[in-house]
Protein chains: 6
Amino acid sequence: MVDVGGKKKTERVAVAVARLRMLAATLERIQQGQVEKGDVLAAARLAGIMAAKRTPDVVPLCHPIALSGVEVTLAPFEAGLEVRVVVRTVDRTGVEMEALTAACAAALTVYDMCKSVDRGMVIENVQLEHKSGGRSGTWDRTPPKPQRRAARKR
Amino acid sequence: MVDVGGKKKTERVAVAVARLRMLAATLERIQQGQVEKGDVLAAARLAGIMAAKRTPDVVPLCHPIALSGVEVTLAPFEAGLEVRVVVRTVDRTGVEMEALTAACAAALTVYDMCKSVDRGMVIENVQLEHKSGGRSGTWDRTPPKPQRRAARKR
Amino acid sequence: MVDVGGKKKTERVAVAVARLRMLAATLERIQQGQVEKGDVLAAARLAGIMAAKRTPDVVPLCHPIALSGVEVTLAPFEAGLEVRVVVRTVDRTGVEMEALTAACAAALTVYDMCKSVDRGMVIENVQLEHKSGGRSGTWDRTPPKPQRRAARKR
Amino acid sequence: MVDVGGKKKTERVAVAVARLRMLAATLERIQQGQVEKGDVLAAARLAGIMAAKRTPDVVPLCHPIALSGVEVTLAPFEAGLEVRVVVRTVDRTGVEMEALTAACAAALTVYDMCKSVDRGMVIENVQLEHKSGGRSGTWDRTPPKPQRRAARKR
Amino acid sequence: MVDVGGKKKTERVAVAVARLRMLAATLERIQQGQVEKGDVLAAARLAGIMAAKRTPDVVPLCHPIALSGVEVTLAPFEAGLEVRVVVRTVDRTGVEMEALTAACAAALTVYDMCKSVDRGMVIENVQLEHKSGGRSGTWDRTPPKPQRRAARKR
Amino acid sequence: MVDVGGKKKTERVAVAVARLRMLAATLERIQQGQVEKGDVLAAARLAGIMAAKRTPDVVPLCHPIALSGVEVTLAPFEAGLEVRVVVRTVDRTGVEMEALTAACAAALTVYDMCKSVDRGMVIENVQLEHKSGGRSGTWDRTPPKPQRRAARKR
């Protein structure tokens, strides 16, 4: 775990997303609160937040970080749900892994709660969208070229 | 957490994959053991195994399960790595979530170790490939139709 | 941690409750979903379930147990909420501690989400209501005598 | 998990208590060190301290906090034990939840170690007594009115 | 994590020890209960028990095991303490690692509580003494040859 | 957990070692990458790093610390392996326990992966080598006197 003791504590933000592709009927069921195991969106949000805090236990070389905020939102995306996570800290290293881990955990929780009716769901495009703060500065995902976008909309 | 006390303990297997798309240079660096933070493939394998064991902490409604085996392999996939996880148990409920969680953790670990040189990597297609055992029996992912496969090969 | 290896695996159930006394306005706010931090009841249910699974980490001498089911419900109780937890297992030792720990965690979660508007909330009467299974058999809480009940209704 | 990145790091203290009502014989047994499972008071103190550190794992929306001190004491209280917890930090958010969680864990540990002889024990009055530091300043529990105190002494 | 699903559940026991060499004054202080941080022996016992339960989180390839009993004792050993741990299970794989991990955690806890007065303490001879059960049968440590024993008594 | 809130945040370093004595054949097998369970050195390094982060869960009175760096190296030592851990932080309390816990976890991981061929391995001399920073300043282990060294080389 590389030494970050010489880095300054600065405000850092990371934004990550995960998309979970599912049957249209599954999405409808979630949105109408008809999933037997409970409120899927509330559970996924909490799972994301809790996973952000446990990132150093899941990703071996991650530093323990004093997270100052974690926000997890879920919104419909074609026939699926998009998880969007914003993590903030004032620390010596970035929170990209926390945001990505939270996004995975939220998507896995949706999968878990709906798998009995839609085992084929696919988590696609877990990816960093933005990071800022720290020595390496700001990074934003370049929007994919038109052709790639077409492919993704399969 | 639904009661599974009435279910029988049977042998259960789940297979999940995750694909991490990266720059060709990143894949090469990993394969040649030139990543500064250490042996990426060994770290990802261990992270996957450890995450499988912690699934009930990450996915809120998962039962604690007596895992009898977890196998994580990583193999090159076009310009990327495919993580493949096989989880086995002899218990009252399936291990799909353990396999999927392990696949995510392994992919996240690869991302973490290489992000300084390739922040744009994308985890694609975290998905169940196979499950067997238990009341709901065997399930295998239906291969995507030719057109979909084409799209995926972008 | 006493040796339970010689005990039989039997079906075991434990029921515990916790009551959280609060301002009437706080209860109303929770019930109408107006708490800023999110859906309190959904969060408390999940926190209870997750805490049941982590009981051996919280209570030093508790055995790790293969929980087969955990159910957490919250219902209004005068000017407060009553958490009720049912935990089930088929194992060598009982699940009273899991039920009590889950009840505490659910109540603590309600407190946490509402504390900015009602710091004086009190968790009262965390108690076992019922247990069955195992060598020591069934136990049910004897209803309190009339006088005690009066006192409790203060 | 609300963003506290804009708050100042200040000294913060929280004091919480929990009372565990038990049979007089149970209290005596604890005080005389005659409980088979070991030294109840020492175990409860440690369990409280360890639980304070794990609060963000138990209470979903709690921030990870750099605790600077945790003190857990147990003292007899009529026919029972009172757990008193003092938690201190120099951080951006308060430690009320850490103090309350530690108080619950200590009380649960006493229950666990004595339950074979007194299953009817009740954890009563888990409550914050004091907090100081931070934007919302100092808060002290208002002593209950005479009538309430009477009721509590049932 | 190798598949043990085909192994039988049998009774298994493992015994491990750890020796912590310290100044005579430190041992005396522990035995007379004069260590400022509290009851060292009680804390070490609990730490050992809790660590046994967390072994799969500490040792990457360890299976999660349904421990049926853990016993940790500490006894003086020349100018030091010997930790002795007995772990039992009825499961598909052995509990050697649980016993060794518990022995380390207990010794580390003693070190932690006394380090301000004796930073030079050394944990020596963390080792398995006995295991039984399972396909590989019973194993007992062969007593060291006279010459080795002499050396150890330095 | 003693209050460290009044201490200054300073750079602190701790170095600990653990030596694992094994059969010459076992060491050779590890060095040639012929251990069935995988790459022992990579696994031990990761286990050490992860354990450093979980120290407050393993050692009851340890403060949660913002580790800024953890480095675990393994090198042959006569017929055995020496684990060397360097832990760094900028915090209010030292990281000796993190270094020692990491050293134990790394050694335990080597044991676990090789125990089927060499159950008699012994973890010897888990000890602090150096600490610096903080009020108590720098401490270095005094090299053992010639006679002791002879004994150790048995």
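Since we're looking at a predicted model, the values are computed, not measured.

Caption draft 1: Examining the overall build of chain A more closely. When you go through chain A residue by residue, the secondary structure sums to five helices and five strands. In sequence order, the secondary structure elements of chain A are arranged as β-α-α-α-β-β-α-β-β-α. Relative to the 2.2 N^0.38 estimate, which gives 15 Å for 154 residues, the radius of gyration of chain A is 17 Å and therefore close to what a compact globule would have. Taking the principal axes of its C-alpha atoms as reference, chain A extends roughly 50 × 40 × 20 Å.

Caption draft 2: Main features of the relation of the copies chain B and chain A. Overlaying chain B with chain A gives an RMSD of 0.0 Å, the required rotation being 180 degrees about an axis along which the chain moves by 0.0 Å. This pairing of chains is accounted for by a two-fold axis. When each C-alpha of chain B is compared by its distance to the rotation axis, Glu124 of chain B comes out closest, at 2.3 Å.

Caption draft 3: Structural view of the interface of chain B and chain A. The partner chain A presents 40 residues to the 40 residues of chain B that form the contact. Summed over both sides, the interface between chain B and chain A buries roughly 3600 Å², with carbon and sulfur atoms accounting for 65% of that surface. Joining chain B to chain A, the criterion identifies four salt bridges. Of the charged contacts, one joins Arg54 of chain B and Asp57 of chain A as a salt bridge, the two residues approaching to 3.3 Å between their closest N and O atoms.

Caption draft 4: Examining the interface of chain C and chain A more closely. Residue-level contacts link six residues of chain C with six residues of chain A. Of the roughly 420 Å² buried where chain C meets chain A, counting both sides, 76% is carbon and sulfur surface. Scanning the region where chain C abuts chain A turns up zero salt bridges. Linking chain C to chain A there are zero residue pairs in polar contact (both at pLDDT 80 or more). Across the side of chain C that touches chain A, the residue classes tally to four nonpolar, no polar and two charged.

Caption draft 5: Layout of the relation of the copies chain C and chain A. Note on the identical chains: chain C maps onto chain A by a rotation of 180 degrees and an axial translation of 0.0 Å, with an RMSD of 0.0 Å. A symmetric contact is evident, with 100% of the interface residues of chain C recurring at the interface of chain A.

Caption draft 6: Spotlight on the nonpolar core. Within the largest apolar cluster, 288 residues are counted, with the highest numbers of intra-cluster contacts made by Val110 of chain A, Val110 of chain B, Val110 of chain C, Val110 of chain D, Val110 of chain E together with Val110 of chain F. The contact partners of Val110 of chain A, leaving out residues within four places of it in the chain, are Leu20, Met22, Ile30, Val40, Ala44, Leu74 and Leu81 of chain A.

Caption draft 7: Quick look at the packing of helix H2 (residues 40–53) of chain C against helix H4 (residues 96–114) of chain C. All names here are of chain C. Running from N to C, H2 and H4 cross one another at 145 degrees; their axes reach a closest spacing of 7 Å. Pair H2 / H4 crosses with right-handed handedness. For the pair H2 and H4, contact is made by Val40, Ala43, Ala44, Ala47, Gly48, Ala51 and Ala52 and by Glu98, Thr101, Ala102, Ala105, Ala106, Thr109, Val110, Met113 and Cys114, respectively. Here the contact of H2 with H4 is built from residues that sort into 12 nonpolar, three polar and one charged.

Caption draft 8: Quick peek at the UniProt feature "domain: Molybdopterin cofactor biosynthesis C (MoaC)" (unreviewed entry) in chain A. Residues annotated by UniProt as "domain: Molybdopterin cofactor biosynthesis C (MoaC)" (unreviewed entry) correspond here to residues 1–134 of chain A. The distance separating the terminal C-alpha atoms of residues 1–134 of chain A is 17 Å; by composition the span is 34% helix and 34% strand.

Caption draft 9: Structural context of helix H1 (residues 24–31) of chain B. All names here are of chain B. Considered for burial, the residues of H1 that qualify are Thr26, Leu27 and Ile30. With its buried residues spanning 100 degrees around the axis, H1 presents them on a single face. Residues of H1 that are exposed and point over 90 degrees away from its buried face: Ala24 and Ala25. Buried residues along H1 sit in contact with helix H2 (40–53), strand E2 (67–76), strand E3 (80–91) and helix H4 (96–114). Just past H1, the residue Gly33 takes up positive phi, approximately 65 degrees.

Caption draft 10: The arrangement of the packing of aromatic side chains in detail. Inspection of the entire model under this criterion finds zero aromatic pairs over all chains. Sitting over the ring of Phe77 of chain F, Arg19 of chain F keeps its end group 4.7 Å from the ring centre.

Caption draft 11: Up close: the side chain of Thr101 of chain B. With respect to the secondary-structure elements, Thr101 of chain B resides in helix H4. Non-local contacts of Thr101 of chain B, meaning those with residues more than four positions away in its chain, are made with Leu108 of chain A together with Ala51, Thr55 and Val59 of chain B.

Caption draft 12: Layout of the environment of Phe77 of chain B. By secondary structure assignment, the location of Phe77 of chain B is in the loop between E2 and E3. Separated by 58 residues in sequence, Phe77 of chain B and Arg19 of chain B have C-alpha atoms that sit 7.7 Å apart.

Caption draft 13: Summary view of the environment of Val15 of chain D. Residues and elements named next belong to chain D. Within the secondary structure, Val15 sits in strand E1 (residues 10–21). Taking the C-alpha atoms as reference, Val15 lies 22 Å from Val40; in sequence the two are 25 residues apart. When sequence neighbours within four positions are dropped, the list of residues in contact with Val15 reads Arg84, Val85, Val86, Ala99, Gln127, Leu128, Glu129 and His130.

Caption draft 14: Quick peek at unusual backbone geometry. Positive phi is not limited to glycine here, since Asn125 of chain C has a value of about 55 degrees. By relative accessible area, which is 2% here, Asn125 of chain C ends up buried. At Glu78 of chain E, a position not held by glycine, the phi torsion is positive, near 45 degrees.

Caption draft 15: Representation of helix H2 (residues 40–53) of chain F in the model. Residues and elements named next belong to chain F. Across its 14 residues, H2 extends 20 Å between first and last C-alpha, which sits within 8% of the 20 Å expected from 1.5 Å per residue. In terms of burial, H2 is a largely internal element, 12 of the 14 residues being buried. Looking at H2, one finds that the buried residues are Val40, Ala42, Ala43, Ala44, Leu46, Ala47, Gly48, Ile49, Met50, Ala51, Ala52 and Lys53. Its side-chain oxygen placed 3.1 Å from the backbone nitrogen of Leu41, Asp39 serves as the N-cap of H2.

Caption draft 16: Expanded view of the packing of helix H2 (residues 40–53) of chain A against H2 of chain C. Packing of H2 of chain A against H2 of chain C leaves a shortest axis separation of 10 Å and a crossing angle of 55 degrees. Taken together, the axes of H2 of chain A and H2 of chain C lie oblique to each other. At the point where H2 of chain A passes H2 of chain C, the crossing takes the right-handed sense. For the pair H2 of chain A and H2 of chain C, contact is made by Ala42, Ala43, Leu46 and Met50 of chain A and by Ala42, Ala43, Leu46 and Met50 of chain C, respectively. A breakdown of the residues in the contact of H2 of chain A with H2 of chain C according to their chemical character gives eight nonpolar, no polar and no charged.

Caption draft 17: Quick look at the pairing of strand E2 (residues 67–76) of chain D. Residue and element names in this part refer to chain D. Summarising the sheet, E2 and strand E3 (residues 80–91) pair through nine bridges and their orientation is antiparallel. Across the sheet, residue Leu67 finds its bridge partner in E3, namely Thr89. Joining the antiparallel neighbours E2 and E3 is a turn of three residues, in which Glu78 adopts a positive phi near 45 degrees.

What counts and how
- Residues numbered from 1 in each chain as written.
- Chains lettered and ligands numbered in written order.
- Predicted model: local features only at pLDDT ≥ 70, side-chain atom pairs only at ≥ 80, totals over all residues.
- Heavy atoms only, no water.
- Helix = DSSP H or I, 4+ residues; strand = E, 2+ residues; numbered from the N terminus.
- Rg over C-alpha atoms; globule rule 2.2 N^0.38 Å.
- Least-squares fit on C-alpha atoms with pLDDT ≥ 70 in both.
- Contact = heavy atoms within 4.5 Å.
- Buried area = accessible area lost by both parts, 1.4 Å probe.
- Salt bridge = Lys/Arg side-chain N within 4 Å of Asp/Glu carboxyl O.
- Polar contact = N/O pair within 3.5 Å; in protein donor to acceptor, adjacent residues only side chain to side chain.
- Nonpolar A, V, L, I, M, F, W, Y, C, P; charged D, E, K, R; others polar.
- Core = buried A, V, L, I, M, F, W, Y, C linked by side-chain atoms within 4.5 Å.
- Buried < 20%, exposed > 50% of the residue type's maximum accessible area, 1.4 Å probe, protein only.
- Axes fitted to C-alpha atoms, helices over the stretch in contact; angles between N-to-C directions.
- Left-handed = near helix turned anticlockwise from the far one by under 90°.
- UniProt positions renumbered as here; feature names shortened; annotations may be inferred.
- Arc of directions from axis to C-beta.
- Phe/Tyr/Trp six-rings, centres within 6.5 Å; stacked < 30°, edge-to-face > 60°.
- Lys NZ or Arg CZ within 6 Å of the ring centre and 35° of its normal.
- Expected span 1.5 Å × (residues − 1).
- Parallel < 35°, antiparallel > 145°, perpendicular 65-115°, else oblique.
- Pairing = 2+ DSSP bridges.

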